[in-house]
Every structure is written in C-alpha cells, then in structure tokens.
Amino acid sequence: MIDDEPAGAMERSLPSSAYLTDDAHRIDIDRIFAREWVCAGREEDVAQPGDHRLVDLAGQSIIVVRTKAGEIRAHYNVCRHRGARLCDPETDARWDVALNGGVIGQVIRCPYHGWSYGLDGALLAAPNLGAIADFDKGEHGLHPVAVAVWGGFIWLGLTPEAAPDFDAAMGEAPRRLSNYPLAAMKTARTISYDVHANWKLILENYNECYHCAGVHPELCDLVPEFRRNGGMHLDWEAGIPHREGATTYTLSGTTTRAFLPGLSEEEKVRHKGELLYPNLMLSVSSDHAAAFILWPEAVDRTRIECRFLFHPDEIARADFDPADAVDFWDLVNRQDWAVCERVQRGMGARVHEHGYYSPMEDYSLDIRRYIARCHGE
C-alpha cells in the first residue's frame with residue numbers, strides 16, 4: 001500500500017477506493033474497529049454503580065456498566081440462551097411496549113426467558129434449568145468486551161483475546177498531556193455531527209494544517225502561525241502558540257475561566273492536539289478540551305460526537321457559560337466537515353485514483369502506516 005518513492009517527492013495517499021467502496025469499509029470495520037482499542041465515551045457516562053450505557057460499535061450493540069465495586073465492564077448485548085438483546089429500548093418503543101428486561105439495579109435480565117446476569121457478566125439464574133445435571137452457569141456468562149480507561153475516556157476491545165497492548169496503543173499522548181487533568185474534567189456540552197465523509201479522511205484532515213489558511217480564517221486570526229507553511233515549522237509537541245494576548249480557543253482568544261490546574265507556563269498560552277487511532281481526536285486548551293469521538297456508519301458517513309470538557313470547579317460556578325469555546329469550535333468544525341465532504345464527493349470522480357501528500361502533510365502519512373499495519377500489509 002505504501003509505494004517506494006524518490007526522496008523529496010510528494011507521496012501518494014491511500015487509493016481512492018479506500019474511501020469510497022463498501023468492501024473497503026467492511027475491511028476497516030473487521031480489521032480495525034473490531035480488533036483495536038476504540039474510544040467509546042467517558043467514565044462519567046456510567047458514573048454510579050448500576051449505571052449503564054448502550055454503545056453501537058462496529059455494528060455490535062455493547063452494554064457498558066459500572067459494577068457495585070466501581071469497575072467498568074462491557075458485554076455484548078446478547079443473551080447466551082437464545083440470542084435476544086438484553087437491552088433494546090428502540091424495539092420496545094417501536095411496538096409501544098415495556099418488556100421486563102435490561103439493566104435492573106445490579107442485574108442484567110433477558111426479557112425473553114428470564115436469564116439473569118450480574119453486572120460483571122456472570123450468569124446468576126436460568127429459570128427451570130436447575131434439574132439439568134451438566135448445566136454449568138459458569139460457562140454461560142455474557143460475552144465480554146475488553147475495557148480500558150485513560151484520561152477519563154473509556155476504550156473498548158471487541159475481540160479481547162486479540163486486543164493490542166493498551167499502553168502501546170496510546171503511544172506518547174499520555175506523556176505529552178500529563179499536565180492536563182483530563183480524568184477529572186466533565187462534559188458541559190455535546191454536539192453530534194453527521195458528516196458525509198469517510199472516517200479516515202476526517203482523521204487526515206485533523207492531522208494537518210496545510211488547509212488552515214484557506215478554510216479557517218478565524219482560527220488563523222487566533223493562531224497566525226498557521227498561515228505560514230501550513231504550520232510545518234511549529235513544534236507540535238511543545239504546543240501551538242496563540243497570537244499575543246490570547247490563551248485559549250475562543251473568538252477573542254480569552255475567557256473568564258481559570259487555567260486548568262497543573263499546567264506549565266507554556267501550556268497556559270499554547271494549544272495541543274492529539275490523534276489517537278482509530279477514532280479520538282483530542283484538542284486541549286488552557287481552560288477546556290474538545291474531544292471528537294468518530295463513529296463510522298458507512299463508507300461515506302461518519303457520526304462525530306464532539307464533547308466539550310471543563311474542570312468541575314468551573315462548571316460549578318453560578319456564572320459558568322461554555323458558549324465562548326463551544327461557538328468557536330462549532331464554527332471551525334463546520335468548516336472542516338464542509339471541506340471533508342467536498343473531498344469525499346470529489347474523490348468519486350472517475351479520473352481520481354489517489355491523492356498526494358505534500359511535505360507539510362507528513363503527519364497525515366501516519367494513517368497509511370496505521371491502516372497497513374491493521375490490514376496486515
């Protein structure tokens with residue numbers, strides 16, 4: 001997939017078919033989203049024992065729960081008896097019924113025949129099967145999904161026996177963002193976007209700023225260096241400096257919110273971004289963070305759950321208002337999604353076989369290597 005090319009030449013992108021065909025999408029789901037660690041939300045989504053959340057990941061319905069002991073567990077949403085969904089509010093709503101099942105206190109109950117499981121997935125009861133001599137409840141627990149947590153984010157592995165090492169999957173992000181209190185931060189606003197573009201295209205766009213001068217005038221007013229060489233000269237690990245007097249990502253570059261505790265003096269006036277494959281784009285400012293969780297729904301459709309995270313002390317203030325950050329990000333986001341959709345539509349032209357990465361898009365080359373590794377190429 002990665003061709004040998006002369007030094008200094010523009011390198012080819014993935015072939016257009018990787019963004020356009022249903023076969024390519026099925027391979028991405030099977031070899032990436034069904035096997036890698038995938039970001040699926042925040043710990044706060046299941047804050048208390050007994051809390052649960054349904055997640056549709058790679059076409060699989062997953063129950064994420066917090067146990068009485070405070071652990072986060074995840075299970076396939078399917079009964080081991082006859083395969084009924086344990087939690088299915090959409091089907092109940094469709095037929096205007098309320099079947100007695102799902103997560104009820106510390107029990108997950110199947111409404112079909114009453115098989116019941118603990119929040120840890122262990123089978124607790126199977127009505128009328130006590131007389132079967134060789135029936136072993138220990139062999140009929142829910143199918144597990146691997147769970148890991150970093151920075152307050154929940155990560156799921158649909159194939160636990162094949163999940164890669166979690167620390168290796170996170171790479172250098174935990175070190176680079178170690179001063180930011182991500183685990184303590186809470187979601188103040190969420191915007192869901194339905195983007196008509198392939199998920200890989202959106203990641204590539206996030207990973208370069210060659211496009212910033214033409215697509216994001218307001219962002220470039222805040223970060224003038226983005227107009228120079230697509231930001232290629234910047235030290236991205238150290239953080240991106242704002243214009244003089246600006247400290248955060250708002251239209252004014254300022255806010256009444258306090259700096260996040262623990263930041264260095266440089267981090268109080270800089271912005272950092274991380275791309276954690278396959279589906280978390282994370283941008284952190286001195287007072288908030290914007291987390292983008294990507295959910296591929298078709299080869300040309302991606303739902304993006306954009307969460308705006310703030311320190312709980314700021315959220316607790318009577319005058320707390322996240323609009324200055326949310327409105328700025330929403331503008332920048334909509335500019336990005338619009339240009340991504342243009343690329344998606346343009347790549348469908350019969351003459352387009354692949355694109356090119358310029359030298360200032362070196363970071364976008366990473367997706368080729370990541371895809372090649374996951375696809376076993």
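Whatever comes next refers back to the structure up there.
Small disclaimer: the values here were computed from a predicted structure and weren't measured.

Caption draft 1: Structural detail: the overall build of the protein chain. Along the protein chain, the regular secondary structure elements total 11 helices and 18 strands. Relative to its length of 377 residues, the protein chain is compact, with a C-alpha radius of gyration of 23 Å against a globular reference of 21 Å. Expressed as lengths along the three principal axes of its C-alpha atoms, the size of the protein chain is roughly 75 × 55 × 40 Å. By the burial criterion, 47% of the 377 residues in the protein chain qualify as buried. Residue pairs in contact within the protein chain that sit at least 24 positions apart in sequence constitute 64% of those at least 6 positions apart. When the accessible surface of the protein chain is summed, it comes to about 17,800 Å², and 49% of that surface belongs to carbon and sulfur atoms. Averaging the locations of the 38 positively and 58 negatively charged side chains of the protein chain gives two centres separated by 3 Å.

Caption draft 2: Summary view of the nonpolar core. Among the nonpolar cores identified, the biggest contains 89 residues, and Trp150, Trp155 and Phe226 are the most heavily contacted of them. Ranked by residue count, the leading element in this core is helix H10 (residues 323-347), at 8 residues. Listed in part, the 15 residues of the second largest apolar core include Cys110, Tyr117, Leu123 and Ala126.

Caption draft 3: Summary view of the state of the cysteines. A full pass over the atoms with the stated rule returns 1 disulfide. A disulfide bridge connects Cys209 with Cys212, and the sulfur atoms are separated by 1.9 Å. Between Cys209 and Cys212 the disulfide shows an S-S torsion of about -105°. By sign, it is left-handed. There is no split in this pair, since Cys209 and Cys212 are both buried. Lacking any disulfide linkage, Cys110 is separated from the closest cysteine sulfur, that of Cys79, by 3.8 Å.

Caption draft 4: Structural context of the pattern of salt bridges. All chains considered together, the criterion is met by 25 salt bridges. We note a salt bridge from Glu305 to Arg53, for which the minimum N-O separation is 3.6 Å. With Glu305 in strand S17 (residues 301-310) and Arg53 in strand S3 (residues 52-57), this pair connects stretches of sequence that are 252 residues apart. A relative accessible area of 6% means that Glu305 is categorised as buried.

Caption draft 5: Spotlight on the side chain of Glu305. Within the structure, Glu305 has its side chain in polar contact with the side chain of Trp295 (distance 3.2 Å). Among the polar contacts listed, one links the side chain of Glu305 to the side chain of Arg307, at a separation of 2.7 Å. Beyond its immediate stretch of four places on either side in the chain, Glu305 contacts Arg53, Thr190, Ile191, Ala291, Phe292, Ile293 and Trp295.

The rules behind the values
- Residues numbered from 1 in each chain as written.
- Predicted model: local features only at pLDDT ≥ 70, side-chain atom pairs only at ≥ 80, totals over all residues.
- Heavy atoms only, no water.
- Helix = DSSP H or I, 4+ residues; strand = E, 2+ residues; numbered from the N terminus.
- Rg over C-alpha atoms; globule rule 2.2 N^0.38 Å.
- Buried < 20%, exposed > 50% of the residue type's maximum accessible area, 1.4 Å probe, protein only.
- Contact = heavy atoms within 4.5 Å.
- Areas by Shrake-Rupley, 256 points an atom, 1.4 Å probe, with all protein chains shown as cover.
- Lys, Arg positive; Asp, Glu negative; His and termini not counted.
- Charge placed at Lys NZ, Arg CZ, Asp CG, Glu CD.
- Core = buried A, V, L, I, M, F, W, Y, C linked by side-chain atoms within 4.5 Å.
- Disulfide = S-S within 2.5 Å.
- Salt bridge = Lys/Arg side-chain N within 4 Å of Asp/Glu carboxyl O.
- Polar contact = N/O pair within 3.5 Å; in protein donor to acceptor, adjacent residues only side chain to side chain.

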